[in-house]
Amino acid sequence: VIHKIPREGAGQVILLGAPNAGKSQILARLTSAHPEIAPYPFTTHAPQPGMMAWNDARVQLIDTPPITPDYLEGYLPGMVISADAALIVLDLSGDDGIEQADGLVGRLEKSRVLLTSHPAANDAADTVAKKTLMVANKLDAPGAAERLALAREWFNERFAIVAVSADAGSGMDELRDRIYELLDVIRVYSKAPGKPADMEKPFALPAGSTVLDMARLVHRDVAGALKFARIWGTGVYDGQSVGRDHVLHDRDLVELHIG
């Protein structure tokens, strides 16, 4: 079985974790999705998407079946590779949480997927590095603070860690911000010549994108016919005319001119 979930929003982030780590509860906290949540392992049988709001942008989160050193759905490595980023959910409620998370990382490495907060440092030609944030969940469990300190020491060189309790709801606002930051995208708003600006639904583009990149996102015919753009935003005066290669900034307003 191959699971292909249409991409939506500013990016696609996949949730990975051992059994009962709390992935589904994190998805439920951050989105309007209603995954099955139960205190027994392997509750999640298939990928479950949900849309997370961040200001006026949306990010697609995907919960997945658990991973152990001995169990990995065959389609999961491909889903991780196609996603924009990944979250590893580490369980702070038991002494085996760190070992489980480490085993998950190792299991995906065997499938040539390298999870890391520093993908640019990957020099292995036969692996795909995926930008990853570690989420230490169940911060309110007895002994969690000590396990979190150990996890920070254990994964120090590899992952940035944000601590939360999905059950209590603590740390979720920070997690929402960190997920959006992980994508490294900008929001760009559109304006048709002579018409009001559309400030409701921004386009999401990788940081460093140009006017031409935005035009391609609108439609390939628009990109082909693009002559110039007028910009309201960072580094320009209001309504300044710029070329196709002008680099856009977060919250720029762009009026595309074709001819």
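Everything below is about the structure shown above.
Residues numbered from 1 in each chain as written. Predicted model: local features only at pLDDT ≥ 70, side-chain atom pairs only at ≥ 80, totals over all residues. Heavy atoms only, no water.

Student: Help me get a handle on the packing of aromatic side chains, residues and values and all.
Tutor: According to the stated counting rule, one finds two aromatic pairs in the structure shown. An angle of 5° between the planes, with centres 3.8 Å apart, marks the rings of Trp 54 and Tyr 180 as stacked. Pair noted here: Trp 54 is in strand S2 (residues 48–54) and Tyr 180 is in helix H5 (residues 172–183), with a separation of 126 residues, a long-range link. The buried category is assigned to Trp 54, whose relative accessible area is 16%. (Phe/Tyr/Trp six-rings, centres within 6.5 Å; stacked < 30°, edge-to-face > 60°. Helix = DSSP H or I, 4+ residues; strand = E, 2+ residues; numbered from the N terminus. Buried < 20%, exposed > 50% of the residue type's maximum accessible area, 1.4 Å probe, protein only.)

Student: Explain the packing of helix H1 (residues 23–30) against H5 to me, using residue names and the numbers behind them.
Tutor: Their axes nearest at 11 Å, the elements H1 and H5 cross at an angle of 90°. When the axes of H1 and H5 are compared, the pair comes out roughly perpendicular. Where H1 approaches H5, its residues Ile 26, Arg 29 and Leu 30 are matched on the opposing element by Met 172, Leu 175, Arg 176 and Ile 179. Along the lines of polarity and charge, the residues of the contact of H1 with H5 split into five nonpolar, no polar and two charged. (Axes fitted to C-alpha atoms, helices over the stretch in contact; angles between N-to-C directions. Parallel < 35°, antiparallel > 145°, perpendicular 65-115°, else oblique. Contact = heavy atoms within 4.5 Å. Nonpolar A, V, L, I, M, F, W, Y, C, P; charged D, E, K, R; others polar.)

Student: Please give an account of the pattern of salt bridges that cites residues and values.
Tutor: Applying the stated criterion to the full structure yields 12 salt bridges. In this structure, Arg 158 and Glu 109 form a salt bridge, with 2.8 Å as the shortest nitrogen-oxygen distance. Of this pair, Arg 158 sits in the loop between helix H4 (144–154) and strand S7 (161–163) while Glu 109 sits in helix H3 (residues 97–110), and the two are 49 residues apart along the sequence. Residue Arg 158 is classed as partly exposed on the basis of its relative accessible area, which comes to 23%. (Salt bridge = Lys/Arg side-chain N within 4 Å of Asp/Glu carboxyl O.)

Student: Explain the pairing of strand S8 (residues 185–191) to me, and be specific about the residues and the numbers.
Tutor: In terms of residue burial, S8 counts as a mostly covered element, since six of its seven residues are buried. The sheet contact formed by S8 and strand S9 (residues 197–206) spans six bridges and is antiparallel. Bridge assignment links Arg 187 to a residue of S9, and that residue is Ala 204. Hairpin connection between S8 and S9: a loop of five residues separates the two successive antiparallel strands, and Gly 194 in this loop has a positive phi of roughly 80°. Here S8 pairs with strand S12 (residues 252–258) via three bridges, running parallel. Within S12, the residue paired with Val 188 across the bridge is Asp 252. (Pairing = 2+ DSSP bridges.)

Student: Describe the nonpolar core, with residues and values.
Tutor: Judged by nonpolar contacts, the single largest core of 32 residues is most densely connected at Leu 16, Leu 115 and Phe 155. Broken down by secondary-structure element, the contributors of at least two residues to this core are strand S1 (12–17), helix H2 (76–82), strand S4 (85–91), H3, strand S5 (113–116), strand S6 (128–137), H4 and S7. No other element matches the five residues that H3 contributes to this core. (Core = buried A, V, L, I, M, F, W, Y, C linked by side-chain atoms within 4.5 Å.)

Interpretation note: all reported values are geometric properties and have no functional meaning in isolation.
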